[in-house]
Amino acid sequence: MRIGVLGTGNMADALATHWVRAGHQVLVGGRDETRARRLASRLGGGTGYGGLRAAAGFGDVALAALPYGAGESIVGELRAALAGKVLLDCSNPVGPGFRLLTDGGPSAARRLADAAPGARVVKAFNLCHEDVWRMDPPVFEGQRLAVPVCGDDDTALALVRQLVRDVGCTPLTAGGLDRAGLLEATAALFIGLWVGEHADVRAMAPPLEFAAGPAETPAGAQGPSGTP
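Thresholds applied
- Numbers given for residues are sequential positions, taken from 1 along each chain in its written order.
- The predicted nature of this model means local features are confined to residues of pLDDT at least 70 and side-chain atom pairs, given and counted, to a pLDDT of 80 or more, with totals for whole chains, interfaces and linings taken over all residues.
- With hydrogens and water set aside, each side-chain value is computed from the structure's full complement of heavy atoms.
- Side-chain rings of Phe, Tyr and Trp (the six-membered ring for Trp) are treated as a pair once their centres are within 6.5 Å; stacked means planes under 30 degrees apart, edge-to-face means over 60, and tilted covers the remaining angles.
- Every helix listed is a DSSP run of H or I at least four residues long, and every strand listed is a run of E at least two residues long, numbered separately from the N terminus.
- Only protein chains enter the accessibility calculation, which uses a 1.4 Å probe; a residue is then buried when its area is under 20% of its type maximum, exposed when over 50%, and partly exposed in between.
- Only residues whose relative accessible area exceeds 30% and that take part in no salt bridge are eligible for patches, with like-charged residues grouped when within 9 Å of each other and nonpolar side chains (Val, Leu, Ile, Met, Phe, Trp, Tyr) grouped when within 5 Å.
- Residue-level accessible areas treat just the shown protein chains as cover; the underlying method is Shrake-Rupley with a 1.4 Å probe.
- By definition here, a salt bridge exists when the distance from a side-chain nitrogen of Lys or Arg to a carboxyl oxygen of Asp or Glu is within 4 Å.

Colleague: What exactly am I supposed to notice about the packing of aromatic side chains here?
Modeller: We describe a pair of aromatic rings using the distance from one ring centre to the other and the angle between the two ring planes. Under the definition given, this model contains three aromatic pairs. Pairing Trp19 with Phe125 gives two aromatic rings, centres 6.1 Å apart and planes at 65°, and the pair type is edge-to-face. Within this pair, whereas Trp19 is found in helix 1 (residues 10-21), its partner Phe125 is found in the loop between strand 8 (120-123) and helix 7 (130-133), the two being separated by 106 residues in sequence. Take Trp19 and Phe125: they sit in the same class, and that class is buried. Between the aromatic rings of Phe125 and Trp133, the centroid separation amounts to 5.1 Å while the plane-to-plane angle is 85°, which identifies the pairing as edge-to-face. Cluster of aromatic residues (ring-pair linked, three or more members): Trp19, Phe125 and Trp133.

Colleague: Looking at this model, I keep getting lost on a nonpolar patch on the surface. Mind explaining?
Modeller: A cluster of nonpolar side chains, namely Phe98, Trp194 and Val195, defines an oily patch on the protein surface of about 260 Å² accessible area. Within the secondary structure layout, Trp194 lies in helix 9 (residues 180-196).

Colleague: Explain the pattern of salt bridges here, please?
Modeller: Charged atoms that come close allow side chains of opposite charge to pair. Applying the stated criterion to the full structure yields 10 salt bridges. Asp13 is the partner of Arg42 in a salt bridge, and the nearest nitrogen-oxygen pair spans 3.2 Å. Remark: Asp13 occurs in helix 1 and Arg42 occurs in helix 2 (residues 33-43); sequence separation between them is 29 residues. What makes Arg42 exposed here is its relative accessible area of 54%. Salt-bridge contacts for Arg202 lead to Asp200; the nearest nitrogen and oxygen are separated by 2.9 Å. Using a relative accessible area of 40% as the deciding quantity, one classes Asp200 as partly exposed. A network of salt bridges, in which partner residues are shared, links Asp13, Arg42, Asp131 and Arg134.

Interpretation in functional terms is not warranted from these geometric data alone.
See the structure below:
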């Protein structure tokens, strides 16, 4: 797969490292081509570099590793180069006080889709800190990290699911792009709990087998404690 990376920050570095190792062709693009060259050199594997427009037009997928606010205007400038491409949005519109900056309006992913209507936008990789994505692979208590993926185009979703697997994670179908706002709100909630309360968000949900509550114990059978 050919992947253009829009941005030279930590998320660009963390995700592209896995994709280069998986054998994909990657080109890093940034407003500062010196930073793009440095990141490409660090990634190795023949990674190319250039400006944002070069990365947008490079291949099958463009990763928008751009901060919320800047992403919409940058993608709008690149909309012609992004036409027909899979545009992967990993941004988090979270501000001071763990506030969701979209403020009841369109999600960050939807804003990118509106800015570049010819692109096929998919939301993924927004729920964890960049250093989690640097893990090789992200595995906790023997279980690979699951990555929710939202999008409307089946071909685009298939490509992004493969990129999730190449990071060492398990893709989860999370619905259409209209549900991207739920992922972004989840990130705001999780970050607030992790950072603000030092809470383990895994404690909020029961295991899958108890998602609908405990199963009824048939008459005469023993319950989990060994007692009827």
